[in-house]
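Residue-level listing of the chains:
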Amino acid sequence: MTRYVFDFATGDKDQRDLLGGKGANLAEMTNLGLPVPPGFTITTDACRAYLEHGDQPPGLAEEVTEHLAALEQAIGRTLGDPEDPLLVSVRSGAKFSMPGMMETVLNVGLNDQSVEGLAQRSGDARFAQDSYRRLLQMFGATVLGIDSEHFSSALDKLKGDRGTTEDTGLDADDLRGLVTTYKKIIREQAGREFPQDPREQMDLTMLAVFESWNTERAILYRRQEQIPEDLGTAVNIQAMVFGNRGLTSGSGVCFTRDPSTGHQGVYGDYLQNAQGEDVVAGIRNTVSLADLGEIDKKSHDELLHIMETLEQHYRDMCDIEFTIEDAKLWMLQTRVGKRTPEAAFRIAAQMANEGLIDRDEALRRVNGAQLALLMFPRFKRKGDRDLLTTGMGASPGAAVGKAVFDSDTAQEYADRGESVILVRKETNPDDLRGMVAARGILTSRGGKTSHAAVVARGMGRTCVCGAEALEVDVARKQVRLRGGRVIHEGDVLSIDGTTGDVFAGEVQVVDSDVVRLFEGKAVDGELASAVEMMMEHADGLSRLSVRSNADTPEDAARARRFGARGIGLCRTEHMFLGERRLLVENLIVADDDEGRDAALAELLPLQRDDFRGILEAMDGLPVTIRLIDPPLHEFLPDYTELSVEVALEDERDKSDSRQHRLLQAVTRLHEQNPMLGLRGVRLGIAIPGLFTMQARAVLEAAAERIQAGGDPRPEIMVPLVGTVRELDIVRGYIDAVAEEVQSERGVQIPYSVGTMIELPRAALTAGRIAESAEFFSFGTNDLTQMTWGFSRDDVESSFFSTYLEHGIFPVSPFESLDTEGVGELVRTAVERGRASRPDLHLGVCGEHGGDPASIHFFEQVGLDYVSCSPFRVPVARLEAGRARLDG
């Protein structure tokens, strides 16, 4: 029979799949002998069974009863006893941290009788009533689904009536009246009374935590963080300790290093006379751990010792929640802390240098997505800037956007392509949709451990918290500053998540120091050293080479500075745009061989010069040049515009005019589906001399580089091949031209000929195609379109959002490779191609070449290189090294 409940003393940190992260870490702290209130964990197995069948699995209730009895015996009190009640917290805890996305209810077990017993036992009626009103509010919102605004509005009204801005300004009688109000809200909104049976409270809360796995915000967060949908959450039931028992009590959250910058030292927030939810919600502004040392030195010193113990034990930066009850410290949670990209690199390098972890482990703790964020621009430090206020920099970055005050508006603006800054007093889990849509988050309350800060860091969003000078009025959609200045919805704000500065208007951004580092410019500082350490180690480990997609000498030079080991895709069609479009038009409208040859002859020297510059920039490294791929009509004027121009011409001139001939060409070349029409290799075969001209331009440029003492390594790639016969024909053209050029120039040119694998048929017949190809480059953009039957330009804006919502795929297959479908075609082509030609060189040049998750797959299937845009080269280099650690 499946076991569903485990005491804290029987688990450990390696059981996150079963006990969830919170339960596993509570067990680990218990085993370390740290002061953890006793309790037990209901497993993720129980959650999955409940969600699948809609009812508790057989035996769960009995196991909970057994463990509750053991907890009561250990504490010496009974759940909800009217004279001396045991109270418990009921908290979620998934395998992967999902801060604030699922439910927690505190003080379970209180009722109309036990609240009086708690008052008598504690000698503090205010504390007892405060605990009861918190239970009613959390139970009402979490279990009964009542809008929490009903409760917060009642609390705000009472504080206003009493002339106080803090809930600590309410006395026992005030809170007793608030309890009555809350029970009335429950009766009216839920159609039932608040349950007085403590066990019923606990059971209903447990099931509500299970169900919170499938709330809209939890689903959205999992989609954002790419957390699997089928894991479920554990439930932790733990004896309550109280931070709201007066000034000798309080709650806090702390980090063993700064989660925002990675700087060494302890960081955290503490709130006297408060329960843990108050700290995270940012309802009152907190004090620092240094201030805690002044308030309660004994607890402060014990906390610092425990923080050091946990960091040494976990060998990582830890995020810790604690409560002090009557000057006694209790540990409520620890986990490996979420951190910004800057902090991730700094902490990994620090711990490697300290000998706490080795460099392999340090590399595992950073990733390409974080490096990409570090390469984003930052605000220019000089110049005219309209500083409004300075808050707490909670998640680094430079974000500029229009001020909005709710999630719906943030989503509405973002859907129109406008950047927004979400402005709130404090955020809560229901704001997640707006946080995802926003470029940055600004709150007037809270600190580095508030909900806004933690979630923003996890998502890589810029965030400034605790900007107390801002009076946020969500109802009026405005912010009022001291002095009377008002910021309205739609006004542009710029926020600096490092310094905490908030500016009116748009502030100019400049390149990040990390980009300057990759550009070879002098950059000082710990972050630059950390990035260098990780890049050097990744380069030393990697088997996959990283090339760049580049179409100009300037792009090629930049890619080389960024560490590219060649060019994996040079798109020749980009060289036909601009002023050269006229020459392509001449080729298209030519009505005989003489006219076509003349047009090609004009294009030849221009193409040769292009290739010479790129080969020079990448001297000594391979350069893969793709022959022209798009349909020719893309180089012609718009059909409607041409028709109007021709209609306006004099009747006598129409038949011979260039515009008339262009219109005929556009009409002739029109296709219902150009992506599946006359393009790629089909163009090279259908238009004599086109590919021959391009091959000659490549080879003559290479010959000139050799004669100048260079080391060119051109690779000529034929696009859209579906059968080996197509490649054989074009290869015949190329080899014939190569013989001519080598004879004319008196040099041997080290060229190779290969093809893009971008059609399912090409992947399935890769063994035959490899007989004629020396290399394959997987064009995963087109391969994805052809495999799924998607037209990318159409589907991404029409139904992809719906597919993502329904979980049909977790992320767009154009962003991260579909390893089950498209990936299987890649694997098949690799196996069949190398079976036919063992020395076949294999790479990828689609956008997936710079996607971290896809790079790990390409390492697994044995590709030789990936190619991506120049700015993604460092990301790919880092992930190529990390991919080697997977095995």
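Figured I'd write up the structure that's included with this text. (Residues numbered from 1 in each chain as written. Predicted model: local features only at pLDDT ≥ 70, side-chain atom pairs only at ≥ 80, totals over all residues. Heavy atoms only, no water.)

## Side note on the overall build of the protein chain
Short version of the rule: Only runs of H or I of at least four residues qualify as helices and only runs of E of at least two qualify as strands under DSSP, and these elements are numbered from the N terminus. Relative accessibility under 20% of the residue-type maximum defines a buried residue, over 50% an exposed one, and the middle range a partly exposed one, all with a 1.4 Å probe and only protein chains included. Only heavy atoms enter the contact rule, under which two residues are in contact if any of them lie within 4.5 Å. Here the positive residues are Lys and Arg and the negative ones are Asp and Glu; neither His nor the chain ends is included. In plain terms, the charge of a residue is placed at NZ if it is Lys, CZ if Arg, CG if Asp and CD if Glu.
Each helix and strand in the protein chain was counted, giving 37 helices and 33 strands. Seen through its C-alpha atoms, the protein chain measures out along the principal axes to roughly 105 × 60 × 55 Å. Here the protein chain holds 887 residues, and the buried ones make up 57% of them. Summarising the internal contacts of the protein chain: among those between residues at least 6 apart in sequence, 69% fall at separations of at least 24. Considering the protein chain, the positive charge centre built from 97 side chains and the negative charge centre built from 143 side chains are found 2 Å apart.

## Section: the pattern of salt bridges
Definition in use: Within this document, salt bridges are pairs made up of a side-chain nitrogen of Lys or Arg and a carboxyl oxygen of Asp or Glu, the two lying within 4 Å of each other.
Under the counting rule described, the total for this entry stands at 68 salt bridges. Here D609 and R612 are joined by a salt bridge, their closest N and O atoms 2.8 Å apart. Of this pair, D609 and R612 are both found in helix 23 (residues 593-617), 3 residues apart, which corresponds to roughly one turn of the helix. Among the residues examined, R612 registers a relative accessible area of 25% and is labelled partly exposed. For the salt bridge of D864 with R834, the shortest nitrogen-to-oxygen distance reads 2.8 Å. Of this pair, D864 sits in the loop between helix 36 (852-861) and strand 33 (865-868) while R834 is found in helix 35 (residues 822-836), placing the two residues 30 residues apart along the sequence. Given a relative accessible area of 24%, R834 falls into the partly exposed group.

## Concerning the pairing of strand 8 (residues 250-257)
Definition in use: Between any two strands, pairing holds if DSSP finds at least two bridges.
The buried fraction of strand 8 amounts to 8 of the 8 residues, a majority that puts the element mostly inside the structure. Relative to strand 9 (residues 264-272), strand 8 runs antiparallel, the two sharing 7 bridges. Among the inter-strand pairings, S251 is bridged to a residue of strand 9, identified as L271. Connecting strand 8 to the next strand, strand 9, in antiparallel fashion are 6 residues, including G262 with a positive phi near 85°. Relative to strand 11 (residues 318-325), strand 8 runs antiparallel, the two sharing 6 bridges. Bridge assignment links C254 to a residue of strand 11, and that residue is I320.

## Considerations on the nonpolar core
For clarity, the threshold we go by: By convention a nonpolar core is built from buried Ala, Val, Leu, Ile, Met, Phe, Trp, Tyr and Cys residues, the set being connected through side-chain atoms within 4.5 Å.
Counting residues in hydrophobic clusters, the biggest one holds 126 residues, and the most contacted among them are F345, L371, V531 and M534. With 10 residues, the single largest contributor to this core is helix 28 (residues 690-707). By size, the runner-up hydrophobic cluster in this structure holds 53 residues, among which are F40, A46, L71 and V105.

## With respect to the sheet that holds strand 11
To keep things clear, this is the line we draw: For every element, the axis is a line fit to its C-alpha atoms; helices are fit only across the contacting stretch, and the angle between N-to-C directions ranges from 0 to 180 degrees.
Sheet architecture is open: 5 strands sit in the order 10-9-8-11-12, paired in antiparallel fashion. In the strand order of this sheet, the two ends are held by strand 10 (287-288) and strand 12 (328-336), each with one partner. Each of strand 8, strand 9, strand 11 and strand 12 touches helix 12 (residues 297-314); the most contacted strand, strand 12, lies at about 25° to it. In the packing of helix 13 (residues 341-354) onto the sheet, the strands contacted are strand 8 and strand 9, and the crossing angle to strand 8 comes to about 65°.

## Concerning the side chain of R126
Here R126 is to be found in helix 5 (residues 125-142). D130 provides the closest opposite charge to the buried, unpaired R126, separated from it by 4.2 Å. Every residue in contact with R126, bar those within four places of it in the chain, is listed here: D167, T168, L170, D171, A172, L175 and N273.

## Points about the state of the cysteines
This is how the line gets drawn: Throughout, a disulfide means two cysteine sulfur atoms within 2.5 Å of one another.
On inspection of all chains with the given rule, the structure shows 0 disulfides. C254 supplies the cysteine sulfur nearest to C318, a cysteine that is in no disulfide, at a spacing of 9.5 Å. Unpaired in this structure, C465 has its nearest cysteine sulfur neighbour in C463, at a distance of 3.5 Å.

## Examining a negative patch on the surface
What counts is decided by this rule: In this analysis, a patch consists of residues with relative accessible area above 30% that form no salt bridge, clustered at 9 Å for like charges and at 5 Å for the nonpolar side chains Val, Leu, Ile, Met, Phe, Trp and Tyr. The method behind every accessible area is Shrake-Rupley, applied with a 1.4 Å probe, and residues are considered shielded solely by the protein chains displayed.
Taken together, the side chains of D591, D592, E594 and D597 make up a negatively charged region of the molecular surface. Tracing the sequence through the fold places D597 in helix 23. On the accessibility criterion, D597 (46% relative accessible area) is partly exposed.

## Remarks on the packing of helix 3 (residues 60-75) against helix 8 (residues 198-211)
For any two helices packed against each other, one specifies the crossing angle of their axes together with the interaxial distance. Our working definition: Here the angle decides the label: under 35 degrees means roughly parallel, over 145 means roughly antiparallel, 65 to 115 means roughly perpendicular, and every other value means oblique. Note on convention: the crossing is left-handed when the near helix lies turned anticlockwise from the far helix by less than a right angle, right-handed when the turn is clockwise. Gly is put with the polar residues, along with every residue not named as nonpolar or charged; the nonpolar set is Ala, Val, Leu, Ile, Met, Phe, Trp, Tyr, Cys and Pro, and the charged set is Asp, Glu, Lys and Arg.
In the contact formed by helix 3 and helix 8, the axes pass within 13 Å of each other and the chain directions differ by 120°. By the criterion of interaxial angle, the relationship of helix 3 to helix 8 is oblique. At the point where helix 3 passes helix 8, the crossing takes the right-handed sense. Between helix 3 and helix 8, the residues in contact are L60, A61, V64, T65 and L68 and R199, M202, M206 and F210, respectively. Split by residue class, the contact of helix 3 with helix 8 holds 7 nonpolar, 1 polar and 1 charged.

## Overview of the side chain of Q478
Mapping Q478 onto the fold places it in strand 21 (residues 478-481). Judged by relative accessible area, Q478 falls into the buried class, the value being 12%. What Q478 contacts, discounting residues up to four positions off in sequence, is F405, E471, V472, D473, V486, I487 and H488.

## Observations regarding the sheet that holds strand 21
Here we have 3 strands laid out as an open sheet, ordered 20-21-22, and antiparallel in their pairing. Pairing within the sheet leaves two strands with one partner each, and these edge strands are strand 20 (470-473) and strand 22 (486-488). The sheet shows a mean angle of 20° between the axes of neighbouring strands, direction not considered. Direction of pairing for strand 20 relative to strand 21: antiparallel, over a ladder of 4 bridges.

## With respect to the packing of helix 5 against helix 8
For the pair helix 5 and helix 8, interaxial distance at closest approach is 10 Å and the crossing angle is 45°. Here helix 5 lies oblique to helix 8, going by the angle between them. Every pair of crossing elements has a handedness; the one defined by helix 5 and helix 8 is left-handed. Contacts from L135, F139 and T142 in helix 5 reach Q201, L204, T205 and A208 in helix 8. In terms of residue class, the contact of helix 5 with helix 8 is made up of 4 nonpolar, 3 polar and no charged.

## Brief notes about the packing of aromatic side chains
What counts, and what does not: Put simply, two rings from Phe, Tyr or Trp (the six-membered ring, in Trp's case) pair if the centres are within 6.5 Å, and we call them stacked under 30 degrees between planes, edge-to-face over 60, tilted for the rest. Our definition puts a charge over a ring when NZ of Lys or CZ of Arg is within 6 Å of the ring centre and also within 35 degrees of the ring normal.
Scanning the entire structure with this criterion turns up 19 aromatic pairs. Both rings, one in F139 and one in F194, keep their centres 5.3 Å apart while their planes meet at 85°; by these two values the pair is edge-to-face. One end of the pair, F139, is in helix 5; the other, F194, is in the loop between helix 7 (172-190) and helix 8, and 55 residues separate them in sequence. Each member of the pair F139 and F194 is classed as buried. Between F799 and F800 the ring centres are 5.8 Å apart and the planes differ by 65°, which places this aromatic pair in the edge-to-face class. Looking at F799, the relative accessible area reads 27%, which means it is partly exposed. Its end group placed over the ring of Y413, R416 keeps NZ or CZ at 4.6 Å from the ring centre. The ring of Y865 carries the charged tip of R547 above its face, separated from the ring centre by 3.8 Å.

## Here we look at the environment of G232
Topologically, G232 is positioned in the loop between helix 9 (216-225) and strand 7 (233-239). Residue class for G232 comes out buried when judged on its relative accessible area of 3%. Placed 138 residues apart in sequence, G232 and A94 show a C-alpha to C-alpha distance of 6.6 Å. Ignoring any residue separated from it by four or fewer positions in sequence, one finds G232 in contact with T44, C47, R48, A94 and W213.

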